[in-house]
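The primary structure of each chain is shown beneath.
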Amino acid sequence: PSRDTSAATVAVVGMTAPGTRVNGFAGMVTGEFASRGLCIVSDLAGAVAGGVIEGAWRNGARVIAVMPSQLGRIDDRQTGRLAGGILGAGGVLVSDRPLSLGEAPPAPRRRDGLLSAMSAGVVFAEAGAKGHPMPLARIAEGQGRPLFCGMPSLMGGEHPRNRGVLALLRGRKARLFDYDGGEREGVLSLSAVAGMIRSQAELLLGGTCPTAAGTGV
């Protein structure tokens, strides 16, 4: 039987407190992926979530969002607004926390495992050398997910907020793409990235790639 990859998913992630430029870049990239028919995966605990989710909405894409808390427990107005909008637009909210009345301790590794397992590829808007989203990069690599970094991520050179991106590229763990330009040697176009994510989704649906094994999910 044919495999439907019309709902191929891509996660767009960044640090927990990005600058305005990075948030805008994440939103523009998400919008482009959404216009190419991809479903967007977002971490509601990440500061780029607003840009990512609104970029998806502007282009009619569905959003799968991983909650930073238990379902039904939303701690701030911005998260509540985004969560309500996701559900209203036919998206899905997911949590790694148990459905119980008691408080559950944060589990970022499980949340990163969910982000990777639900995605056919991961795009890093920015990444420092330590902390989120670098553990996600290691989990996604272990699950066989392709990793991508955009050209604007490199504008700050050796700035601490770019060191994770540079490490991923120098270690050949991630592919570089250009948001504005076409494909050239060593640099992918956005269309090429979307095509690679669709191909990965087909492999996942065929059961030939790792999923969530060994990630605590």
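Preceding block: the structure.
Residues numbered from 1 in each chain as written. Predicted model: local features only at pLDDT ≥ 70, side-chain atom pairs only at ≥ 80, totals over all residues. Heavy atoms only, no water.

A. Structural view of helix α7 (residues 190-205). The first and last C-alpha atoms of α7 sit 23 Å apart over 16 residues, in line with the 22 Å expected at 1.5 Å per residue. Buried within α7 are the following residues: L190, A192, V193, A194, I197, Q200 and A201. (Helix = DSSP H or I, 4+ residues; strand = E, 2+ residues; numbered from the N terminus. Expected span 1.5 Å × (residues − 1). Buried < 20%, exposed > 50% of the residue type's maximum accessible area, 1.4 Å probe, protein only.)

B. Representation of the pattern of salt bridges. Taken as a whole, this structure holds five salt bridges when the rule is applied. Among the ionic pairs, R81 bridges to E54, the shortest N-O distance being 2.7 Å. Taken together, the residues span a long stretch of sequence, with R81 in helix α3 (residues 77-88) and E54 in helix α2 (residues 49-58) at a distance of 27 residues. For R81, a relative accessible area of 40% corresponds to the partly exposed category. In this structure E54 comes out as partly exposed when scored by relative accessible area, which is 29%. R184 is the salt-bridge partner of D178, the closest N and O atoms lying 3.2 Å from each other. The buried category is assigned to D178, whose relative accessible area is 11%. (Salt bridge = Lys/Arg side-chain N within 4 Å of Asp/Glu carboxyl O.)

C. Focus on the nonpolar core. One finds F33, I40, L44, V123, F177 and I197 to be the most contacted residues of the largest nonpolar core, which totals 37 residues. Of all the secondary structure elements, the ones that give two or more residues to this core are β1 (9-13), α1 (20-35), α2, β3 (63-66), α3 and α7. L44 has contacts with A49, I53, A65, V66, M67, P68, T79, L82, A83 and L93, leaving out every residue within four places of it along the chain. By size, the runner-up hydrophobic cluster in this structure holds 24 residues, among which are M134, L147, V165 and L176. (Core = buried A, V, L, I, M, F, W, Y, C linked by side-chain atoms within 4.5 Å. Contact = heavy atoms within 4.5 Å.)

D. Focus on the packing of α2 against α3. Two numbers describe how α2 lies on α3: the axes approach to 11 Å, and their chain directions differ by 25°. When the axes of α2 and α3 are compared, the pair comes out roughly parallel. Considering how the two elements wind past one another, α2 and α3 form a crossing that is left-handed. Taken together, the residues of α3 that come into contact with α2 (itself represented by A49, G50, I53, E54 and W57) are Q78, R81, L82, G85 and I86. (Axes fitted to C-alpha atoms, helices over the stretch in contact; angles between N-to-C directions. Parallel < 35°, antiparallel > 145°, perpendicular 65-115°, else oblique. Left-handed = near helix turned anticlockwise from the far one by under 90°.)

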